[in-house]
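For reference, the chains in residue letters:
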Amino acid sequence: KGGLWKKFEFDKPDLTPIVFGGESRSENVTGQKYCIYLDMWHDDGTPVWGYKCNWTQGTHDWESITGAYVPQKPLKKVWM
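The present account deals with the structure reproduced in this document.

Thresholds applied
Residues numbered from 1 in each chain as written. Predicted model: local features only at pLDDT ≥ 70, side-chain atom pairs only at ≥ 80, totals over all residues. Heavy atoms only, no water. Pairing = 2+ DSSP bridges. Helix = DSSP H or I, 4+ residues; strand = E, 2+ residues; numbered from the N terminus. Axes fitted to C-alpha atoms, helices over the stretch in contact; angles between N-to-C directions. Buried < 20%, exposed > 50% of the residue type's maximum accessible area, 1.4 Å probe, protein only.

1. What about the sheet that holds strand 4 (residues 47-54)?
Taken together, the four strands give an open sheet; going across it, the order is 1-6-3-4, and neighbouring strands pair in antiparallel fashion. Strands at the two margins of the open sheet, each flanked by one partner only, are strand 1 (7-14) and strand 4. Ignoring strand direction, the axes of neighbouring strands in this sheet form an average angle of 20°. Here strand 3 (residues 35-42) pairs with strand 4 via six bridges, running antiparallel. In the strand pairing of strand 4, Leu38 is matched with Tyr51.

2. Considering the environment of Leu4
Mapped onto the elements of the fold, Leu4 is located in the segment before strand 1. Note on Leu4: relative accessible area 75%, which makes it exposed. Here the alpha-carbon distance between Leu4 and Met80, two residues 76 residues apart in the chain, equals 8.1 Å.

Such coordinate-based values are descriptive only and should not be taken to indicate function.
Written as structure tokens, this is what we have:
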């Protein structure tokens, strides 16, 4: 239930792709929030809301997921 936010702010805005991932196992999971979720802001202030990578719902042993975001404009900060 819920989660922890990690916040990254770049001293110098960057076009480097953001690659993220994690592992989870589950029992009877349902709902849209079973994911790694990112909110990002470009250097010009435009946001990217709700960029995410989902785990499989239901019941399963350890599952790895990996996602990537390739910015079209330099990124200033990322919350995940």
